[in-house]
Amino acid sequence: MPAPAIFWFRRDLRLHDNPALIAAADGRPIVPLFVLDDEAPGMRPLGGASRWWLHHSLAELAAGLERRGLELVLRRGPAARILAEIAAETGADSIFAGSRPEPDAIARDRALIPALRQHGVTLTLVADSLLFSPRRLMTGAGEPFKVFTPFWRAALALGDPPASSGVPGLMPGPACRGDDLDDWRLLPSTPDWAGGLRAAWQPGETAARDRLARFVDRGLGDYGRLRDLPAVDGTSRLSPHLAWGEISPRQVWHAVRGREDGTGAAKFLSEVGWREFSYHLLLASPGLAEANWRADFDRFPWVEDKATFRAWRRGETGYPMVDAGMRELRSTGYMHNRVRMIAGSFLVKHLLTDWRRGEAWFWDNLVDADHANNAASWQWVAGSGADAAPYFRIFNPVLQGERYDPDGTYVRRWLPELGGLPATAIHKPWTLAKPPRDYPAPIVDHRLARDRALAAFQSLKTK
DNA sequence: AGTTTGTTCAC
DNA sequence: TGAACAAAC
């Protein structure tokens, strides 16, 4: 019997279509391991919603492994030390893991390989979290892409990614002591704010596969028509599952490519393409979450205002579409994509708040928090990013509400205090003769805020 | 992946 | 008076 291999789960919490797991299981017994390395220097700590998700996803993964006779080992601490310890405890001489495309993770993993070799252990990393290698895609000039459309065209020209695979045969390795998941305290307790998350989500690979199958079956055909309506269940809602790798983008790709009857499929795959593009940008600009991609935004006259930032976070800006989104986020750890754009635009353009503050709030509150997507999308909405909305594209939260939530169903769902308003006033309650008493008046006037934002943008040009 | 404003042209 | 369009922000 060959020596056992450690399979190090990271953001690939699945058994299906996991190429690194297939490589590990090739004739060897497996010690499945997850390391909570939340104090690693340079690595961003998980947000609260992500920690909630991780707890349940790990529980699911452990159950799936147990059905196959394997025990998931949980350990907390610096990955380099834990991996060496587990190898020594189990006699493993190899470790396999899915590679992570984030620049800081790449640096950490690169340092791990020689460190582990000193203990006589090889670390093999298998790329599997993206459809296309972000470094392989370059413009004709050999530069990273700055615009999505040519990026995605070049990606599609590469042809189909490899077919997805099933679960390999898994042989249990030696037993190994691990932590108790509950002791990690990933779940909130005092207070327990996760009730809305529990009601909205089922973390784990099984639920991810079910959701993909159901979406391809029932949602894909109408995706182009319904994807922008937040009141409707018209999107895949796969983002948190993709963020934790409970499903792979290859599985998504091939499930969709089998069903190209409408225009929904190409549109939906291009949304997966934005995820690829975000990682492409992050690799070209490792500071994407910290620094303006466009350097001229370093001169932007951001306004620090505790009261308006607090109102935004709590969903008390007086603009129903913004507030409904922010309350959906706080309640469920999610916000519909259309509403993310409206709420994000409002924070940056109406309140002149530095996009990094919004990025940090989303990072903490989103169950689908993803370093590349979150950073690239906030820079897109702020106008500071690659292929971004031009800064003068300022969403009017009233018009956006009337266009994408015409009867106010979405707003009423998250703002029950507006439940009795007629559809004609639901997105501008202040126009009523008797505005609702328990809902705030707009914290900024749209017209004033728009002019102020345009002036701030002008100030970048004239210096 | 936008909004506002001004112009034209058909009621 | 208002829909449709273009241009500017």
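For the structure itself, consult the block above.
Residues numbered from 1 in each chain as written. Chains lettered and ligands numbered in written order. Predicted model: local features only at pLDDT ≥ 70, side-chain atom pairs only at ≥ 80, totals over all residues. Heavy atoms only, no water.

*Asks:* How should the packing of helix α13 (residues 320-332) against helix α14 (residues 337-350) be read in this particular structure?
*Replies:* Two packed helices can be described by the angle between their axes and the distance between those axes. Following both chains from N to C, one finds α13 and α14 inclined at 110°, their axes separated by 9 Å at the closest point. Taken together, α13 and α14 sit at an angle that is classed as roughly perpendicular. The two elements α13 and α14 cross, and the hand of that crossing is left-handed. For the pair α13 and α14, the contacting residues are Met321, Val322, Gly325 and Met326 in the first and Val339, Ile342, Ala343 and Phe346 in the second. When the residues that make up the contact of α13 with α14 are grouped by side-chain class, the tally is seven nonpolar, one polar and no charged. (Axes fitted to C-alpha atoms, helices over the stretch in contact; angles between N-to-C directions. Helix = DSSP H or I, 4+ residues; strand = E, 2+ residues; numbered from the N terminus. Parallel < 35°, antiparallel > 145°, perpendicular 65-115°, else oblique. Left-handed = near helix turned anticlockwise from the far one by under 90°. Contact = heavy atoms within 4.5 Å. Nonpolar A, V, L, I, M, F, W, Y, C, P; charged D, E, K, R; others polar.)

*Asks:* Sorry if this is basic, but what is going on with the protein's contact with DNA strand B here?
*Replies:* Residues in contact with DNA strand B amount to 17 residues; listed here are only the nearest, Trp274, Ile394, Arg403, His446 and Arg447. Among the atoms of DNA strand B close to the protein, meaning within 4 Å, 60% are from sugar or phosphate groups. At 3.3 Å from a base nitrogen of DNA strand B is found a main-chain nitrogen or oxygen belonging to Phe392. The side chain of Asn396 places a nitrogen or oxygen atom 3.1 Å from a phosphate oxygen of DNA strand B. Within the residue set of the surface near DNA strand B, elements represented by two or more residues are α11 (264-284), α14, α17 (397-404) and α19 (446-462). Counting residues per element, the surface near DNA strand B draws most heavily on α17, at four residues. Class assignment of the residues belonging to the surface near DNA strand B gives a composition of eight nonpolar, four polar and five charged. (Near = heavy atom within 4 Å. Polar contact = N/O pair within 3.5 Å; in protein donor to acceptor, adjacent residues only side chain to side chain.)

*Asks:* So what exactly am I meant to see when it comes to the nonpolar core here?
*Replies:* What tends to happen in soluble globular proteins is that the nonpolar side chains get buried as a cluster. Judged by nonpolar contacts, the single largest core of 49 residues is most densely connected at Trp312, Val322, Met326, Met335, Phe362, Trp378 and Tyr391. Listing elements by their share of this core, those giving two or more residues are α12 (306-314), α13, α14, α15 (355-365), α16 (371-382), α18 (409-414) and α19. Examining the composition of this core, we find that seven residues originate from one element, α14, more than from any other. Setting aside anything within four residues of it in sequence, one finds Tyr391 in contact with Phe297, Phe300, Val348, Lys349, Leu352, Ala382, Ala453 and Phe457. Phe151, Leu238, Leu242 and Phe277 belong to the second-largest nonpolar core, a separate cluster that totals 35 residues. (Core = buried A, V, L, I, M, F, W, Y, C linked by side-chain atoms within 4.5 Å. Buried < 20%, exposed > 50% of the residue type's maximum accessible area, 1.4 Å probe, protein only.)

*Asks:* Quick question: what am I supposed to make of the packing of aromatic side chains here?
*Replies:* In this description, a pair of aromatic rings is defined by centroid distance and the angle of the planes. With the rule as written, the count across this model stands at 27 aromatic pairs. Seen in terms of ring centroids, Trp52 and Trp53 are 6.1 Å apart; in terms of plane orientation they differ by 70°. Their pairing is edge-to-face. There is no split in this pair, since Trp52 and Trp53 are both buried. Centroid distance Phe297 to Tyr391: 5.9 Å. Interplanar angle 55°. Geometry classified as tilted. Here the residue Phe297 occupies a position in the loop between α11 and α12, and Tyr391 occupies one in the loop between α16 and α17, the gap between them amounting to 94 residues. There is no split in this pair, since Phe297 and Tyr391 are both buried. Just above the ring of Trp361 sits the side chain of Arg313; from NZ or CZ to the centre is 5.4 Å. Arg340 extends its terminal NZ or CZ atom over the ring of Tyr334, reaching a point 5.1 Å from the ring centre. (Phe/Tyr/Trp six-rings, centres within 6.5 Å; stacked < 30°, edge-to-face > 60°. Lys NZ or Arg CZ within 6 Å of the ring centre and 35° of its normal.)

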